[in-house]
Amino acid sequence: MTLEELRARCEEVRREWAQASASAHDPEALEALRVRFLGRKGALATAFDSLRTLPAEARAAAGKLLNALKDEIAAALEARRAEVEREALQARLAGERYDLTLPGTWRPLGRLHPLTQVRREIEEIFLRLGFDVASGPEVETDYYNFEALAIGADHPARDEWDSFYIAEGLLLRTHTSPVQIRVMKSQPPPVRIICPGRCYRRDNPDATHSPVFHQIELLWVEKGLTFAHLKWILREFVTAFFGPGYEMRISADFFPFTEPSAQVHIRKPPGAWLEIMGAGMVDPAVLTEVGCDPEEVTGFAFGLGVERMAMLRWGIEDIRLFYQNDIRFLSQF
Ligand code: DAH
């Protein structure tokens, strides 16, 4: 072989490389390229072998030529490798593009019933004010539901509480007020409780009546309590639950177990007045009945409807919606 022939061979290898490397697009093809050109039996190794057949004085120049070609191909191989990696990354990223306009996977999420939300919120307001949460039975005796609350058998006020009787002297409680009696009988003053619970009345269901509904009772009995304390508690409650900007109005009412008795209205001017609860100072006769001395301690109480609070808060106009378990209604809260 002559130096000229070797030079021609180098050119040939260079062309082959250019062609082969352009069509290598993955790591396997690159490895095949490396073997084909730089491997132990590759194109360059073969060319180095042919050095032996060259005249001695041409070998140094020929060796230089081959070494340069070898470095050139090795560098080109590295460059190609980087390029192939970049191509692979681009391809992966293109495949991974997120289409944010596609609808997501709907995962239904449960939530608390609006009445539960309201009950818990009111409980929290009064827990902050130092009240405990008490409870009593839904099946009540005539004594706790009526007699002890100064609603005698012939009292005309009984008409207000049309009752479901289970047996003689046993009924579904018509309000949460009997819990007042149970708590006062079980502990001496000071008493500071609220009692949320289910109540039952023989009402035909309509937009504002339901035979089953919920109340929250409040009772505070202690030395020196006056109507002013009741007013303060009511103001705290209205502000905490409805927010600032609500006016409150207290007017006379009648309940057999409170004296004086009151009804409480609120409004956000210029809106209309809305009744939110009945309240009053615990009647001395009730205090005496549970063993408290009305000369020693005084107390006040109120009873509010949980449904009423929820209806006012969200502008709900039919109480029956709370019990129909219609997911279209419930999912709004
Ligand atoms: N128990 C009454 C009702 O269901 C509401 C009520 C009024 C409760 C005055 C009270 C109160 O504690 O002081 O109509």
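Placed above this text is the structure.
Residues numbered from 1 in each chain as written. Predicted model: local features only at pLDDT ≥ 70, side-chain atom pairs only at ≥ 80, totals over all residues. Heavy atoms only, no water.

> Give a description of the side chain of S21 that names residues and reports values.
As for its placement among the helices and strands, S21 is situated in helix α1 (residues 3–22). Accessibility expressed as a relative area gives 9% for S21, which makes it buried. A polar atom in the side chain of S21 sits 3.5 Å from the backbone oxygen of A18. When neighbours within four sequence positions are excluded, S21 is seen to be in contact with L33 and R80. (Helix = DSSP H or I, 4+ residues; strand = E, 2+ residues; numbered from the N terminus. Buried < 20%, exposed > 50% of the residue type's maximum accessible area, 1.4 Å probe, protein only. Polar contact = N/O pair within 3.5 Å; in protein donor to acceptor, adjacent residues only side chain to side chain. Contact = heavy atoms within 4.5 Å.)

> Describe the side chain of S163, with residues and values.
Here S163 is to be found in the loop between α6 (142–145) and β3 (165–167). When neighbours within four sequence positions are excluded, S163 is seen to be in contact with F146, L171, T174 and R202.

> Kindly report on the packing of helix α8 (residues 227–242) against helix α10 (residues 306–314), identifying the contributing residues and their values.
At their nearest, the axes of α8 and α10 sit 11 Å apart, and the two run at 50° to each other. Comparing the axis directions of α8 and α10 gives the class oblique. Contact residues: F237, F241 and F242 in α8; M309, L312 and R313 in α10. When the residues that make up the contact of α8 with α10 are grouped by side-chain class, the tally is five nonpolar, no polar and one charged. (Axes fitted to C-alpha atoms, helices over the stretch in contact; angles between N-to-C directions. Parallel < 35°, antiparallel > 145°, perpendicular 65-115°, else oblique. Nonpolar A, V, L, I, M, F, W, Y, C, P; charged D, E, K, R; others polar.)

> Can you tell me about the sheet that holds strand β7 (residues 247–253), naming the residues and giving the values?
On the basis of which strands lie adjacent, the open sheet formed by seven strands has the order β1-β5-β6-β10-β9-β8-β7 and mixed pairing. Because the sheet does not close on itself, it has two edges, and the strands there are β1 (132–133) and β7. Most of the contacts of helix α5 (residues 114–128) go to strand β5 (residues 191–200), to which it runs at about 165°, and overall it touches β1, β5, β6 (212–222) and β10 (298–305). (Pairing = 2+ DSSP bridges.)

> How would you summarise the packing of α1 against helix α2 (residues 27–38) if you had to cite specific residues and measurements?
For any two helices packed against each other, the geometry is given by the interaxial angle and the distance between the axes. Two elements in contact, α1 and α2, have axes whose closest approach is 11 Å; the angle formed by their N-to-C orientations is 175°. The pairing of α1 with α2 is recorded here as roughly antiparallel in orientation. Of α2, the residues touching α1 (which contributes V13, E16, W17, A20 and S21) are L33, R36 and F37.

> Which residues make up the sheet that holds strand β2 (residues 139–141), and what are the values?
In spatial order, the strands read β2-β4-β3; together these three strands make up an open sheet with antiparallel pairing. Every other strand in the sheet has two partners, leaving β2 and β3 as the edge strands with one partner each. Between one strand axis and the next, the sheet turns through 40° on average, direction left out of account. Strand direction decides the pairing type here: β3 and strand β4 (residues 170–172), joined by two bridges, are antiparallel. Residue pairing across strands places A167 opposite L170, the latter belonging to β4.

> Would you mind going over the site of the ligand in detail, with residue names and values included?
Around the ligand lies a shell of 16 residues, among which H175, S177, R201, Q215 and E217 are the nearest. Within the side chain of H175, one N or O atom sits 2.9 Å away from a nitrogen atom of the ligand. Here A301 contributes a backbone N or O atom positioned 3.2 Å from an oxygen atom of the ligand. About the coverage of the ligand: the protein hides 94% of its 350 Å² of free accessible area. Contributing elements (two or more residues each) for the shell around the ligand: β6, β9 (274–282) and β10. (Near = heavy atom within 4 Å. Areas by Shrake-Rupley, 256 points an atom, 1.4 Å probe, with all protein chains shown as cover.)

> Help me get a handle on a negative patch on the surface, residues and values and all.
Taken together, the side chains of D159, E160, D162, D253 and E275 make up a negatively charged region of the molecular surface. Relative to the assigned elements, E275 resides in strand β9. Residue classification places E275 among the partly exposed residues on the basis of a relative accessible area of 31%. (Patch = residues over 30% accessible without salt bridge, like charges linked within 9 Å, V, L, I, M, F, W, Y side chains within 5 Å. Salt bridge = Lys/Arg side-chain N within 4 Å of Asp/Glu carboxyl O. Lys, Arg positive; Asp, Glu negative; His and termini not counted. Charge placed at Lys NZ, Arg CZ, Asp CG, Glu CD.)

> Give me the pairing of β5: which residues, what numbers.
Within β5, eight of the ten residues are buried, which leaves the element mostly enclosed by the surrounding structure. Sheet topology note: the β1/β5 ladder contains two bridges and is parallel. Looking at β5, one finds that D132 is bridged to I193.

> Give me the lowdown on the pattern of salt bridges, citing residues and values where you can.
Scanning all chains against the criterion turns up 19 salt bridges. E72 is paired through a salt bridge with R14; the nearest N and O atoms lie 2.8 Å apart. In this pair, E72 is assigned in helix α4 (residues 59–96) and R14 in helix α1, connecting sequence segments 58 residues apart. By relative accessible area, R14 is classed as partly exposed at 27%. As a salt-bridge pair, E31 and R34 come within 2.9 Å of each other at their nearest N and O atoms.

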